[in-house]
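Summary of structural features
This is what each chain is made of:
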Amino acid sequence: MRSTFLLPLATLLAIAHGNPTGRRAMAVHESVSALPRGFAHAGSVAPTQEITLRIALVQSDIKGLEAKTYAISDPANALYGQHLTPAEVAEYVKPAEETLSAVSEWLAEHGVTPKSISPAGDLLQITLPVSTANTLLAAQFAAFKHVESGKTSIRTLSYSLPVSLQEHVHFVHPTVAFVPPLSGPPGVTAINHRRDTEARATPTSDAVPSSCASVVNPACLEAMYGIPAAKATGSASNAIAVAGYIDQFANSADLSRFLGALRSDLVGANFSLRTIDGGQNDQTVANAGIEADLDIEYTVGVAAGVPVTFISVGDNTIDDIAGFVDIVNSIIADPAGITVLTTSYGFNEQDLPVSLVVEMCNAYMQLGAIGVSVLFASGDGGVGGIQSTTCTAFVPTAPGGCPFITSVGGSTGLPPQVAASLSGGGFSNVFPTPDFQAGDVAAYIASIGDQYAGLYNRSGRGLPDMAAQAENVEIAWQGSFWLVDGTSCASPIFASMVAVVNDRLIAAGKPVLGFLNPFLYSPAGRAAFTDITSGTNPGCNTNGFSASTGWDPVTGLGTPNFDRLLTAVGL
Ligand SMILES: *[C@@H]1O[C@H](CO)[C@@H](O)[C@H](O)[C@H]1NC(C)=O
Ligand SMILES: *[C@@H]1O[C@H](CO)[C@@H](O)[C@H](O)[C@H]1NC(C)=O
C-alpha cells in the first residue's frame, strides 16, 4: 500500500556532473557514545553487501504545519475543524527544491540514485554497498546483535554528513538507532483467568452490573461510560484503523465468538484488512494474536456499526521504528475514510534516538492535520515505562510524549473508578509541555513539591491525557475466553468512543474531531471526563505518581463519558 514516488528525472540528469568526489568537509551528524544495553558487536560485514537507508530531508515548513494543526484543532479558533487535505499537508512537508538538488548532487557523486518513498517526497531511499555507505557517511557499518532476541542488524556508532548538507538533511537511518524489537504486546501483561464460553446477557438498565468489578465486557463499558449500544450510521468516511505489529494477527473466528457471546446484535460484523511492509493475514486460530484480537474485539464490538480496518505491518519495515511511520505514510497516501488510529504498542522514549522520536511526532502531526485522531496506549509499567523494569529515573513512553498523540492511561473498578496501577505516565524528555496542558502540568507539579525531584523532567510534556478501563477485560482468543490487563485495552475503547462521536458529527454535517488534545483540554472537552482522584502508578522502586484532583500523570483528565462528549462537541 506504500507508494513510491520517483524524483523528477530532470533533477537527476542536471546534477550528474557535479562536484568531484571526496572534496566535501564532513561533520558528525549523529552518534552514540557506547553500544546501548542489550546489544553486542557481531562482526564485520562484507563491503559488497547491500544495505538500504532512508534519508529524511528537512521539510520546507514544519513549523507552519504545526501552527496550522493547532489552529484547526482548537475549538476556540475560527479555523476549528477545517482539516487539511493530504495534498495541502504535502505543501508544508515537501522539501525545498534546493534541498532536493543539493542532496541529489551529493549522492550522484557517489553513483547513488535515490527514490522518494513518502507522499510528500521528504523521505528518500537509497540502496548501496556497505563500502559506498561507509564513504558517503564517513561511517563504519558493522553487524550488531540484540542479545535477547538474537536479531542482528547492520548499524554504525556514528555517521557524518557534508557540512554543506547539514541544513538540508534531518537524518539518515538506519544508522545509529539501536531499537529493541517490539517484544510482544506491551499492554497485555497478564492473562488471569480462563472463562468458559457461556453467553452473557447484556444488561438492560443503566446501572453498572456488579459483575463489572471482576469481568469487564462491552456491556460494562456501555454502562460505565455511556457508550451507545445502537449502531452508528456506518458512514464510509469514518473508519477506525487498528495498528497490528509483530505478526499479531486479528482472527475473525475469535471475533465471531466474542460477538456471539457478548454482542449478539453485532454477529456477522467483521474488520477489513490493509497490509503494509509485507504484512500477512494468517487466519489460523492457533496463530491469533492476543493483542490483535483484543484491539479488534474492543473496536468492532464497542463502536457498533463503525467500519474497522486492521493494518497488518510485516517485517519489511522501512522506517527503522517497527513500521510506526510506515503506517502514517500509508494512511496519508490512502486515507480511505480513516478518522481514528489506535495503537497498543510503544517504546521507552530513551530507547530511540531523538531524531526518530521527532520524526514520528511530525508524522502524527500530519495525520492530525488531515483529521485523524491518533491514540496510543500509555504503557503498562507505571512510571517505569512500557513494561515494568528496573530503572533509576522515571521512563516516559514514546510516542505518547509527542503532543500530537492522545495518550491513553488505565483505570479500573466500578465507578467511581480508580487508577490502574500499571498505568504508564510521566513527562517526556524530548517534547516540552505544550500550551494546551501547561496549566494542568504546572498545577500538578506544584502540588507534589519536591517529591521525585530529579526523577522526572519538570518541563516535559505530561502523559497520559486521559484513561479508560485497563483491567479484567474479557476477550476471545484462540477459541476461548480470557481476561487481560493493560492500557492496550483502554486505547481501543476510547478510540471506539471517538469514532462514534465522529459518526454523530458526520450525520450532523460537521467535521470529525481530528487531533484531539486541544479539544480534550478545553473547558468544554475536560467537562466530558470524570476525574480520577485515587490510585498510583508505581515503578522504579517508588510508589509512582498519585492520581489527584484535576489532571495527573496517572490518569490524565480522567475517564470519558459519551453523552458529555456529545455536549462538548455541541450535539
Ligand atoms: C474477516 O475479514 C478478514 C480480513 O479481510 C478475512 O480474512 C476473514 O476471512 C473475514 N471473515 C469472515 C467470516 O468473512
Ligand atoms: C527535559 O525536557 C526538555 C524538553 O522539554 C529537554 O530539552 C531536556 O533535554 C530534558 N532534560 C533531560 C535531562 O532529559
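Residues numbered from 1 in each chain as written. Chains lettered and ligands numbered in written order. Predicted model: local features only at pLDDT ≥ 70, side-chain atom pairs only at ≥ 80, totals over all residues. Heavy atoms only, no water.

Let us look at unusual backbone geometry. Pro 399 follows Ala 398 through a cis peptide bond whose omega is 5°. Structurally, Pro 399 can be placed in the loop between strand 17 (397-398) and strand 18 (406-412). The omega angle of the peptide bond from Pro 415 to Pro 416 is -5°, so this bond is cis rather than trans. Locating Pro 416 in the fold gives a position in the loop between strand 18 and strand 19 (418-419). The phi torsion at Ile 246 lies on the positive side, around 40°, for a residue other than glycine. (Helix = DSSP H or I, 4+ residues; strand = E, 2+ residues; numbered from the N terminus.)

A few words now on the environment of Asn 502. Here Asn 502 lies in helix 12 (residues 487-507). Once residues within four sequence positions are removed from consideration, Asn 502 is found in contact with Asn 238, Thr 339, Val 340, Val 512 and Leu 513. A polar contact is formed between the side chain of Asn 502 and the side chain of Thr 339, at a distance of 3.2 Å. (Contact = heavy atoms within 4.5 Å. Polar contact = N/O pair within 3.5 Å; in protein donor to acceptor, adjacent residues only side chain to side chain.)

For the rest of this paragraph, the subject is the nonpolar core. Nonpolar side chains tend to gather and get buried jointly when the protein is soluble and globular. If you look at the biggest cluster of nonpolar residues, it comprises 167 residues, and the most contacted ones within it are Leu 137, Leu 367, Phe 494 and Phe 545. Per-domain counts for this core show at least three residues from each of domain 1 (15-59 + 94-173) and domain 2 (191-568). (Core = buried A, V, L, I, M, F, W, Y, C linked by side-chain atoms within 4.5 Å. Buried < 20%, exposed > 50% of the residue type's maximum accessible area, 1.4 Å probe, protein only. Domains from an automatic or database assignment.)

Moving on, we come to the UniProt feature "domain: Peptidase S53" (unreviewed entry) in the protein chain. UniProt's entry tags residues 215-571 with the feature "domain: Peptidase S53" (unreviewed entry), counted in the numbering of this structure. Regarding residues 215-571, the helix share stands at 29% and the strand share at 20%, and the terminal C-alpha atoms are separated by 32 Å. (UniProt positions renumbered as here; feature names shortened; annotations may be inferred.)

As a matter of local geometry, ligand 2 sits amid Asn 429, Val 430, Phe 431, Pro 432, Asn 457 and Ser 459. Here Asn 457 contributes a side-chain N or O atom positioned 2.4 Å from an oxygen atom of ligand 2. Residue Ser 459 places a main-chain N or O atom 3.2 Å away from an oxygen atom belonging to ligand 2. Within the complex, 47% of the 360 Å² of free accessible area of ligand 2 lies under protein. Split by residue class, the shell around ligand 2 holds 3 nonpolar, 3 polar and no charged. (Near = heavy atom within 4 Å. Areas by Shrake-Rupley, 256 points an atom, 1.4 Å probe, with all protein chains shown as cover. Nonpolar A, V, L, I, M, F, W, Y, C, P; charged D, E, K, R; others polar.)

Okay, the pairing of strand 9 (residues 169-173) next. Across the 5 residues of strand 9, 4 count as buried, placing the element largely inside the fold. Sheet analysis places strand 3 (residues 50-57) next to strand 9, joined by 4 bridges and oriented antiparallel. Considered in strand 9, the bridge of Arg 54 is made with His 173. (Pairing = 2+ DSSP bridges.)

What follows covers the state of the cysteines. Counted under the stated rule, the structure contains 3 disulfides. Between Cys 212 and Cys 220 runs a disulfide, and the two sulfur atoms are separated by 2.0 Å. With the S-S dihedral at roughly -90°, the linkage between Cys 212 and Cys 220 falls on the left-handed side. Relative accessible area serves as the criterion here: at 2%, Cys 212 is assigned to the buried category. Disulfide pairing places Cys 361 opposite Cys 402 at an S-S distance of 2.2 Å. (Disulfide = S-S within 2.5 Å.)

Residues in contact with ligand 1, as listed here, are Ser 252, Asn 270, Phe 271, Leu 273, Asn 281 and Gln 283. A distance of 2.4 Å separates an oxygen atom of ligand 1 from a polar side-chain atom of Asn 270. At a separation of 3.3 Å, an oxygen atom of ligand 1 approaches a polar backbone atom of Phe 271. Looking at side-chain class alone, the shell around ligand 1 contains 2 nonpolar, 4 polar and no charged residues.

Attention shifts here to the pattern of salt bridges. Taken as a whole, this structure holds 10 salt bridges when the rule is applied. The residue Glu 359 makes a salt bridge to Arg 54 at a minimum N-O spacing of 2.8 Å. Of this pair, Glu 359 sits in helix 10 (residues 354-369) while Arg 54 is found in strand 3, placing the two residues 305 residues apart along the sequence. Here Arg 54 falls in the buried class, since its relative accessible area comes to 2%. Taken together, the shared-partner salt bridges connect Glu 222, Arg 263 and Asp 265 into one network. (Salt bridge = Lys/Arg side-chain N within 4 Å of Asp/Glu carboxyl O.)

The next point concerns the sheet that holds strand 2 (residues 39-41). Ordered in space as 2-6-7, the 3 strands form an open sheet in which the pairing is antiparallel. Among the strands making up the open sheet, the edge pair consists of strand 2 and strand 7 (151-155). Going across the sheet, the axis of each strand differs from the next one's by a mean of 35°, ignoring polarity. Of the strand pairs in this sheet, strand 2 and strand 6 (residues 142-146) are connected by 3 bridges, and their pairing is antiparallel. The residue of strand 6 that forms the bridge with Phe 39 is His 146. (Axes fitted to C-alpha atoms, helices over the stretch in contact; angles between N-to-C directions.)

According to the domain assignment, the protein chain contains domain 1 (15-59 + 94-173) and domain 2 (191-568). Taken over C-alpha atoms, the centre of domain 1 sits 35 Å from the centre of domain 2. In this assembly, 12 residues from domain 1 lie in contact with 13 residues from domain 2. Around 1000 Å² of area is buried between domain 1 and domain 2 when both sides are counted, 50% of it from carbon and sulfur atoms. When the buried area of domain 1 at its contact with domain 2 is split by residue, Arg 54, Pro 119 and His 173 rank highest and sum to 40% of it. (Buried area = accessible area lost by both parts, 1.4 Å probe.)

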